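Summary of the model geometry
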Amino acid sequence: MKEHAAKMFKKEVLKVGDNVYVAVGHAASVASMIIGDDGVIIIDTTQSIGSAEGVLESFRKITDKPIKAIIYTHGHRDHISGTSVFTAEGSNPEIIARSNLINPLDDKNLKKVGPYKILQKRTIRQYGIKGLEPHTEKVSMGLGPASINNKGLGKGFVAPTRTFFDDNMEITVSGVKFELYKAPGETNDQLFVWMPEEKILFSGDNFYQTFPNLYAIRGTVYRDFSVWADSLDHMTQFPIEHLVPGHTRPISGPEANQALADYRDAIRYIVEKTAEGMNKGLTPDELVSYVTLPKNLTEKYYLNEFLGTVDWSVRAYFAGTLGWFDGNPTHLFPTVPREKAQRLANMAGGEKVLFENMNKAVSDKEFQWAMELADMLMLLEKYKKEATAVKITALKALADQQRSAIGRNYYLVYAKELAAE
């Protein structure tokens, strides 16, 4: 994982084609600059004012032409929150997005009906935003470097001045032709940018060089897998010479189109194989063993599970299509956790026996089982302190085994939260 992060998120500005530059490693996402006749166009503006300042400083070493337009690929905070830095130069750029652009920080429905505070807390855990040492504990964000400038995090958003509702929109800015296409996937407001003369495609967050985050463990509404795959299929119809993801490095040559096709095929395989298992009556816990990607996809580096995972995706597809109930009537009104823990302890021969089994699981390096037993003992008070210590040990051990950066971050931040209680 460390080697992947060091290579993928090296801080630099890459030249893609004759007039296109991509800033990687400066922020959680990438930001791009296209140089036109009398100005430049920016695609995405990073997650913070501080990161955007660093990006603009790097871009200004290349050209001092005024910014004529800014394009948002979608409304996730890490793509729209540095815009005020780019507008501050006074060139009054046009800001372009789809008409359904949603800035999550201003999502009134989320704040009204959703568990907004716990969502924020889980976001901090997922990305290791607080409490983890960069490059040692926190190896990366999965889709961005371990250490980024979060000064003014989420503070620099500027609303679009021009939007489109239809499937696509063609524009010319400073002599450069762009085609913008509706592309729902990771978000419903997603678009991709095609530069027909340069044959460069900007995919937004529907593609990045890691297994897709079909489900975000911070918590998210269902991301329609089939729609996402259809948007990727649309991208494969273009004669791409350079592919610029919303995160990670650009891909050039024939591999660019192949990567999009493989990404599409991986998502469609998850859908087909999970549905097949569901029709056999398999529960989510059974499906994660039933659904494994074929070798021709798992061997592709851009489908390594450094961000999303197949297991999480399978569970998300089940929940997104059938809901939380796995079909077993035993689970319609399950025994509450505290009572269940006590009953199991009694069956085992008492809380002490449960405690001894937990410690044995740690000694045997069965850390997942140790953590599950620890959860029960933490509910039963008598061994709560010891069980909490075991859970912290198990979390750290599982973090070291976890390939997904956000999974690792979540384990480690949660362990620190338990230690601080």
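First, a word on what this report is: a plain description of the structure on this page. Residue positions are given per chain, counted from 1 along the sequence in the order it is written. Given that this is a predicted model, residues contribute local features only at a pLDDT of at least 70 and side-chain atom pairs are listed and counted only at 80 or more, while totals for whole chains, interfaces and linings are drawn from all residues. Note that water and hydrogens are dropped before the side-chain values are worked out from all heavy atoms of the structure.

Here we take up the pattern of salt bridges. Whenever a carboxyl oxygen of Asp or Glu lies within 4 Å of a side-chain nitrogen of Lys or Arg, that contact is scored as a salt bridge. Under the criterion given, the structure shown has 19 salt bridges. Residue Asp233 is joined to Arg264 by a salt bridge in which the shortest nitrogen-to-oxygen separation is 2.8 Å. Of the two residues, Asp233 sits in helix H7 (residues 225-235) while Arg264 sits in helix H8 (residues 254-279), which places them 31 residues apart along the sequence. Exposure categories follow from relative accessible area, calculated using a 1.4 Å probe and restricted to protein chains: below 20% of the type maximum is buried, above 50% is exposed, and the middle band is partly exposed. Since its relative accessible area comes to 24%, Asp233 is described here as partly exposed. Ionic contacts of the salt-bridge type, sharing partners, join the residues Asp233, Arg264 and Asp265 into one network. Note on conventions: DSSP H or I runs of at least 4 residues are helices, E runs of at least 2 residues are strands, and numbering of each starts at the N terminus.

To find the voids left in a structure, one rolls a probe of water-molecule size over its atoms. In the cavity and pocket records, a cavity denotes points on a 1 Å grid over the protein atoms alone where a 1.4 Å probe fits but cannot get out, a pocket denotes an open set with protein on both sides within 12 Å along at least 5 of 7 lines, and lining residues are residues with an atom within 4 Å of a point. Grid points are joined across faces, edges and corners, and a volume is the space filled by probe spheres set on the points. According to the stated counting rule, one finds two cavities of 30 Å³ or more in the structure shown. Here the largest cavity is characterised by a volume of approximately 50 Å³. Around the largest cavity, the lining residues are Val30, Ser32, Ile43, Asp44, Thr73, Phe202, Ser203, Gly204, Val244, Pro245 and Gly246. Mapped by element, the contributors of at least two residues to the lining of the largest cavity are strand S11 (200-204) and strand S12 (242-245). The biggest single contributor to the lining of the largest cavity is S11, with three residues.

Any two strands are treated as partners once DSSP identifies two or more bridges connecting them. Read across the open sheet, the seven strands follow the order S1-S2-S3-S4-S5-S6-S7; overall the sheet is mixed. In this open sheet, the two strands that pair with only one neighbour each are strand S1 (12-15) and strand S7 (162-164). Strand-to-strand twist of the sheet, defined as the mean angle between neighbouring strand axes without regard to direction, takes the value 20°. Here strand S2 (residues 20-24) runs beside strand S3 (residues 31-35); their pairing, made up of four bridges, is antiparallel. Residue Val20 lies in a different strand from S3, and its bridge partner there is Ile34. In what follows, a contact means two residues having at least one pair of non-hydrogen atoms within 4.5 Å. Each axis is a line fitted through C-alpha atoms, taken for helices only over the stretch in contact, and angles between the N-to-C directions span 0 to 180 degrees. Sheet contacts for helix H2 (residues 49-60): S1, S2, S3, strand S4 (40-43) and strand S5 (67-71); angle to S3, the most-contacted strand, approximately 30°.

Pairing of aromatic side chains here covers Phe, Tyr and the six-membered ring of Trp, requires ring centres within 6.5 Å, and sorts the geometry by plane angle: under 30 degrees stacked, over 60 edge-to-face, intermediate tilted. Enumeration according to the criterion identifies 13 aromatic pairs in this entry. Summarising the aromatic geometry, the rings of Trp194 and Phe238 are spaced 5.1 Å apart at their centres and angled 50° between planes, so their arrangement reads as tilted. Placement of the pair is Trp194 in strand S10 (residues 191-195) and Phe238 in the loop between H7 and S12, with a sequence separation of 44 residues. A centroid spacing of 6.3 Å and a plane angle of 85° characterise the contact between Tyr208 and Tyr263, whose relative ring orientation is edge-to-face. Of the two residues, Tyr208 sits in the loop between S11 and H7 while Tyr263 sits in helix H8, which places them 55 residues apart along the sequence. Residue Tyr263 is classed as buried on the basis of its relative accessible area of 0%. Members of the aromatic cluster, connected to one another through ring pairs, are Phe207, Tyr208, Tyr263, Tyr301 and Tyr302.

This next bit is on the sheet that holds S12. Reading across the sheet, the six strands line up as S8-S9-S10-S11-S12-S13 and stay open at both edges, with mixed pairing between neighbours. Of all the strands in the sheet, the pair left with one neighbour each is strand S8 (168-173) and strand S13 (251-252).

Okay, the pairing of strand S9 (residues 176-182) next. Among the seven residues in S9, five count as buried, and that is most of the element. Summarising the sheet, S8 and S9 pair through six bridges and their orientation is antiparallel. Across the sheet, the residue bridging to Asn168 is Tyr181, located in S9. Between S8 and S9, which follow one another and run antiparallel, lie two residues, and Ser174 among them has a positive phi close to 55°. Pairing of S9 with S10 involves four bridges; the strand directions are antiparallel. Residue Leu180 lies in a different strand from S10, and its bridge partner there is Val193.

Moving on, we come to the packing of helix H13 (residues 351-363) against helix H14 (residues 367-379). Put simply, H13 and H14 touch, their axes get as near as 8 Å, and they point 155° apart. Classed by the angle they form, the pair H13 and H14 counts as roughly antiparallel. Of the two possible hands of crossing, H13 and H14 adopt the one that is left-handed. Residues Glu351, Leu354, Phe355, Asn357, Met358, Ala361 and Val362 of H13 form the contact with H14, whose participating residues are Phe367, Trp369, Ala370, Leu373, Ala374, Met376 and Leu377. Looking at the contact of H13 with H14 residue by residue, the classes come out as 12 nonpolar, one polar and one charged. Any angle from 65 to 115 degrees is called roughly perpendicular, while one under 35 is roughly parallel, one over 145 is roughly antiparallel, and all others are oblique. In this scheme, a crossing is called left-handed if the near helix is turned counterclockwise away from the far one by less than a right angle; it is called right-handed if the turn is clockwise. Side-chain classes follow a simple rule in which Ala, Val, Leu, Ile, Met, Phe, Trp, Tyr, Cys and Pro form the nonpolar group, Asp, Glu, Lys and Arg form the charged group, and the remainder, Gly included, forms the polar group.

On to the packing of H14 against helix H15 (residues 384-401), then. Contact geometry for H14 and H15: axes closest at 8 Å, N-to-C directions at 155°. In terms of orientation, H14 and H15 fall into the roughly antiparallel class. Helix-helix and strand crossings are classified by hand; for H14 and H15 the assignment is left-handed. Facing H14, whose interface residues are Phe367, Gln368, Ala370, Met371, Ala374, Asp375, Leu377 and Met378, H15 presents Lys384, Ala387, Thr388, Val390, Lys391, Ala394, Leu395, Ala397, Leu398 and Gln401.

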